Amino acid sequence: MKEPKQLSVSAIESGTVIDHIPASSLFKVIQILRLDNIPNQITFGTNLESKTDGKKAIIKIAGVFFEDEDINRIALVAPKAKLNIIRDYEVIEKKVVEVPDTIHGIAKCMNPKCITNFEKVPTRFRVTSKKPIALKCHYCEKITDQERLEII
Amino acid sequence: MKTKSLVSIDDLSTDEITKILKLAGDFEKNPVQDLLPGKVVATLFFEPSTRTRLSFESAVNKLGGRIIGFTDSSTSSVTKGETLYDTIRMVSSYADLIVMRHPIEGSARYASEVSVVPIINAGDGANQHPTQTLLDLYSIQKTQGTLDNLNICMVGDLKYGRTVHSLLMAMSRWNTTFNFVAPDELRMPDEYKLYLNNLGLRYHETSDLSEVITTADIVYMTRVQKERFSDPMEYEKVKNAYVLHKSMLSDSKPGMKILHPLPRVNEINTDVDNTNNAYYFTQALNGVYTRQAIICTLLGIK
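The shown structure was predicted, so the numbers you read here are calculated from the model rather than taken from an experiment.

Colleague: Lay out the overall build of chain A with the relevant residues and their values.
Modeller: When helices and strands are tallied, chain A shows 2 helices and 11 strands. Overall, chain A shows an N-to-C arrangement of helices and strands of β-α-β-β-α-β-β-β-β-β-β-β-β. Expressed along its principal axes, the backbone C-alpha trace of chain A runs to roughly 60 × 30 × 25 Å. Residue pairs at least 24 apart in sequence account for 60% of intrachain contacts in chain A once pairs closer than 6 positions are excluded.

Colleague: Would you mind going over the sheet that holds strand S1 (residues 40-45) of chain B in detail, with residue names and values included?
Modeller: Residues and elements named next belong to chain B. With parallel pairing, the 4 strands of this open sheet are ordered in space as S2-S1-S3-S4. Each having just a single partner strand, strand S2 (66-70) and strand S4 (119-124) make up the two edges of the open sheet. When strand polarity is set aside, the average angle formed by the axes of neighbouring strands in this sheet is 15°. Bridge analysis of S1 against strand S3 (residues 97-102) gives 5 bridges, and the strand direction is parallel.

Colleague: Could you give an account of the packing of helix H5 (residues 130-144) of chain B against helix H10 (residues 280-298) of chain B, with specific residues and numbers?
Modeller: All names here are of chain B. Contact geometry of H5 with H10 gives a least axis separation of 8 Å together with a crossing angle of 115°. Here H5 is positioned roughly perpendicular relative to H10, judged by the angle of their axes. Handedness of the H5/H10 crossing: right-handed. Listed contacts from H10 to Thr 131, Leu 134, Leu 135, Tyr 138, Ser 139 and Lys 142 of H5 are Gln 283, Asn 286, Gly 287, Thr 290, Arg 291 and Ile 294. Residue composition of the contact of H5 with H10, by class: 4 nonpolar, 6 polar and 2 charged.

Colleague: Can you lay out the interface of chain A and chain B for me, pointing to particular residues and giving the numbers?
Modeller: Frequently, the measure chosen for interface size is the accessible area removed from exposure when the parts meet. Facing 13 residues of chain A, the contacting portion of chain B comprises 11 residues. When grouped by side-chain class, the residues that make up the side of chain A that touches chain B number 7 nonpolar, 3 polar and 3 charged.

Colleague: Which residues make up the sheet that holds strand S8 (residues 124-130) of chain A, and what values go with them?
Modeller: All names here are of chain A. What the 4 strands build is an open sheet, ordered S6-S8-S9-S10; its pairing is antiparallel. Looking at which strands have only one partner, the edges of the open sheet turn out to be strand S6 (102-104) and strand S10 (143-145). Mean inter-strand twist for the sheet, computed between neighbouring axes without regard to direction, equals 30°.

Colleague: How would you explain the domain arrangement of chain A if you had to name every residue and give the values?
Modeller: Residues and elements named next belong to chain A. Along its sequence, chain A is organised into domain 1 (15-96) and domain 2 (102-151). Placing the centre of domain 1 and that of domain 2 at their C-alpha centroids yields a distance of 24 Å. At the interface, 5 residues of domain 1 touch 6 residues of domain 2. Here the residues of the side of domain 1 that touches domain 2 sort into 3 nonpolar, no polar and 2 charged.

Colleague: Run through unusual backbone geometry, naming residues and quoting values.
Modeller: Cis geometry marks the peptide bond from Lys 131 of chain A to Pro 132 of chain A, where omega comes out at -5°. For Pro 132 of chain A, the position within the fold is in the loop between S8 and strand S9 (133-137). With an omega dihedral of 0°, the bond running from Leu 262 of chain B to Pro 263 of chain B counts as a cis peptide bond. With respect to the helices and strands, Pro 263 of chain B occurs in the loop between strand S9 (257-259) and H10. At Asn 47 of chain A, a residue that is not glycine, the phi angle is positive and equals roughly 55°. For Asn 47 of chain A, the location among the structural elements is in strand S2 (residues 42-50). Residue classification places Asn 47 of chain A among the exposed positions, given that 12 C-beta atoms sit within 10 Å. The backbone of Asp 88 of chain A sits at a positive phi, close to 50°, despite the residue not being glycine. Along the chain, Asp 88 of chain A turns up in the loop between strand S4 (82-87) and strand S5 (90-96).

Colleague: Describe helix H3 (residues 84-91) of chain B, listing the residues and the values that go with them.
Modeller: Residue and element names in this part refer to chain B. Turning to H3, its buried residues number three or more, namely Leu 84, Thr 87, Ile 88 and Val 91. Buried residues of H3, seen end-on, are gathered within an arc of 95° and therefore sit on one face of the element. Buried residues along H3 sit against S1, S3 and helix H4 (107-114).

Colleague: Which residues make up the pairing of strand S3 (residues 54-62) of chain A, and what values go with them?
Modeller: Looking down a regular strand, the side chains alternate between one sheet face and the other. Residue and element names in this part refer to chain A. Where strand S1 (residues 15-22) meets S3, 6 bridges bridge the pair, whose relative direction is antiparallel. Its bridge partner lying in S3, Val 17 is registered against Lys 60. Alignment of S2 against S3, held across 7 bridges, turns out to be antiparallel. Looking at the pairing, Phe 44 lines up with Ile 59 of S3. Connecting the antiparallel pair S2 and S3 is a turn made up of 3 residues.

Colleague: Describe the domain arrangement of chain B, naming the residues involved and giving the relevant values.
Modeller: All names here are of chain B. Taken domain by domain, chain B consists of domain 1 (32-128) and domain 2 (131-284). The centre of domain 1, based on its C-alpha atoms, is set 29 Å off from the matching centre of domain 2. Every contact between the two is made by 5 residues of domain 1 and, on the other side, 5 residues of domain 2. For the side of domain 1 that touches domain 2, the class distribution of residues is 3 nonpolar, 1 polar and 1 charged.

Colleague: A description of the nonpolar core should follow, citing residues and the corresponding values.
Modeller: In terms of nonpolar packing, the biggest core is built from 113 residues, with Val 29 and Ile 74 of chain A together with Ile 98, Cys 153, Met 154, Val 219 and Tyr 220 of chain B touching the most fellow members. Ranked by residues supplied to this core, first place goes to H10 of chain B with 6 residues. When sequence neighbours within four positions are dropped, the list of residues in contact with Val 29 of chain A reads Ile 18, Ile 21, Ile 59, Ile 74, Val 77 and Ala 78 of chain A.

Colleague: Provide a residue-level description of the packing of H3 of chain B against H4 of chain B, including the pertinent values.
Modeller: All names here are of chain B. Two numbers describe how H3 lies on H4: the axes approach to 9 Å, and their chain directions differ by 50°. With respect to H4, the element H3 is oriented oblique. Along this stretch, H3 crosses H4, giving a crossing that reads as right-handed. Contacts between H3 and H4 involve Leu 84, Tyr 85, Ile 88 and Arg 89 on the former and, on the latter, Ser 107, Tyr 110, Ala 111 and Val 114.

Basis of the calculations
Residues numbered from 1 in each chain as written. Chains lettered and ligands numbered in written order. Predicted model: local features only at pLDDT ≥ 70, side-chain atom pairs only at ≥ 80, totals over all residues. Helix = DSSP H or I, 4+ residues; strand = E, 2+ residues; numbered from the N terminus. Contact = placed C-beta atoms within 7 Å. Pairing = 2+ DSSP bridges. Axes fitted to C-alpha atoms, helices over the stretch in contact; angles between N-to-C directions. Parallel < 35°, antiparallel > 145°, perpendicular 65-115°, else oblique. Left-handed = near helix turned anticlockwise from the far one by under 90°. Nonpolar A, V, L, I, M, F, W, Y, C, P; charged D, E, K, R; others polar. Domains from an automatic or database assignment. Buried ≥ 20, exposed ≤ 12 C-beta atoms within 10 Å, placed from the backbone. Arc of directions from axis to C-beta. Core = buried A, V, L, I, M, F, W, Y, C linked by C-beta atoms within 7 Å.

Okay, here's the thing in structure tokens:
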């Protein structure tokens, strides 16, 4: 018997598809891109089989095209994410995310004595290494590395 | 436009450091100058540090300025739960400049972003204490006549010592040779050695002080604290290896000077105090001139 050919998450007419998100990071990506606050049609699937990365998630956002600067914010939680820009059901452009040079918010400073863990100060980091990730806190000047990276 | 603050020694260019040191030299020659009439300097010490506070207050007084502030957060509204944000917003409307010491790391950087007047960081936890570094540089330059091509020997707690890390970063702007003398548990962290490697500067690590004392222009002593050791037996074994005695100075260079951020406990024997190499008390006095120079620079007076 023939398998029915269908997509796990239905196609969009135009917009952005974010693929190869680690399944465990799906909701962090939604949060970072503030997708819970926009009126557009959004479909997503998670725990999908990926040939390369175990369980992955995918998000399709109709009618939204991100600036690189905004989309790169997800690099900390989904470093291998791939973007397909869709118009008329066709992929017109493919992009990969890049870790930016500075990170505002998103990550928590691992230093328990840092001011950002005491008062309502948004975190700020300079990226001192992109692979593996190392972030230098703008305030306490301590390094938060990949192992201790925690997303707010 | 952002007000110029001094939070970290890295905030200053080498040119700005040179200017501050030169100005400090002017204040040493002529310390009492009426440059701050009508100016109010706030000294906010969220944790006590008598030495640093007195040094700043002496500097302000010699310049004819006035001081407001507190010496300990238990006597301020911080105990009522006021945030640092609110304290700084409030005080920056009362004062022309704020000197602050705070146990939380990054607090001074944050304050500098909140305040409308310059902030001088007088220590934020284990992070930065740039005025100490500047007074160290002043002392080195004054005793050696230069900051270039010197041999600096750092002794004691090189792992947690904030002052040695800042001094290392600052002196790496010049062609400096470093010797690190520390017990195994308190060695200079790799990130600083890597930093020197990348700059092509030379350093040498040893646990034997007498081995490097003869080549040093500056011996920078720090306190080895018992509570830094995971094993108290280890402390007992090493505690006397990092104590400087007069007898150890016989083969040192004639111009070699011993610095210490103070307070000392026993790491410099008192028989060293009357040698020509002892400089730590003069170093503390230099702190007043250096802070006069920093205050005037940030206020744009000099």
